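# An overview of the molecular structure
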Amino acid sequence: MNWSELTERQPALATVAYGKLIKPGVLLVGTTRRDGTARISGVEPLLMDGDLYLSMMRTSTKAHDLHRDSRILLHSVVTGPEPAAEIKVRGSVRRENERAVHERYADAVASQIGWQPVVGEFTLVAVGIDEVSYVSYDADNGAQHVARWPAGIEYVRAATTPTSLGPPEPVQRLLR
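Presented here is an overview of the structure given in this document. Please read all numbers here as calculations on a predicted model, not as lab measurements.

Here we come to unusual backbone geometry. Note that the residue after Trp-149, namely Pro-150, is joined by a cis bond; omega there is 20°. By secondary structure assignment, the location of Pro-150 is in the loop between strand 8 (144-149) and strand 9 (153-157). Unlike most non-glycine residues, Asp-49 shows phi in positive territory, near 55°. Relative to the helices and strands, Asp-49 is located in the loop between strand 3 (45-48) and strand 4 (51-57).

Laid out in structure tokens, this is it:
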């Protein structure tokens, strides 16, 4: 599914995902290296025409990784130990080669992000979403809140010690 489908099907989760993953202007992308190990890189996301797009230098290692293996993991940036929410998106990419899309993308980046990519000199991919996960911790009581979609799983686990959590208790806060 694409970003607009996520927004239509799970508006609360999509709103949180937008705030944590897209709005900061950079996210972490996990790809698979040639030897099978993980690579993590920063990328600027852009929503356009209902899709989540990522661009990168044509010769970058992450572009080569995605050409070999289209699977991708996106992760919101976490900047400290405070109990912040994390968003993870698992899916695969579709390489976008149409010049008109590259031109619209370059114009959108220039107006929204403030730099001008040169058409023909970057790799552009649209992210197909397989799964969205949300994990947060309550600063007051240490409880963990988890939501996974499309599995439709959402629960809270109370802290039993500073390093342990109790059994999952179903809740319905983000998923409908």
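That was the structure; now back to the text.
Before going further, it helps to examine the pattern of salt bridges. Side-chain pairs of opposite charge can arise whenever the charged atoms involved come near each other. Per the stated rule, a full pass over the model turns up eleven salt bridges. Residues Asp-51 and Arg-94 are paired through a salt bridge, measuring 4.0 Å at the closest nitrogen-oxygen approach. With Asp-51 in strand 4 and Arg-94 in strand 6 (residues 86-95), this pair connects stretches of sequence that are 43 residues apart. Here Glu-131 makes a salt bridge to Arg-90, at a shortest N to O gap of 3.8 Å. Taken together, the residues Glu-131 in strand 7 (residues 122-137) and Arg-90 in strand 6 connect sequence positions 41 residues apart.

Of note, Ile-40 is situated in strand 2 (residues 38-43). Through-space distance from the C-alpha of Ile-40 to that of Gly-30 is 4.6 Å; in sequence the pair is ten residues apart. Residues in contact with Ile-40, not counting those within four places in the same chain, are Leu-28 and Val-29.

Parameters at a glance
Residues numbered from 1 in each chain as written. Predicted model: local features only at pLDDT ≥ 70, side-chain atom pairs only at ≥ 80, totals over all residues. Heavy atoms only, no water. Helix = DSSP H or I, 4+ residues; strand = E, 2+ residues; numbered from the N terminus. Salt bridge = Lys/Arg side-chain N within 4 Å of Asp/Glu carboxyl O. Contact = heavy atoms within 4.5 Å.

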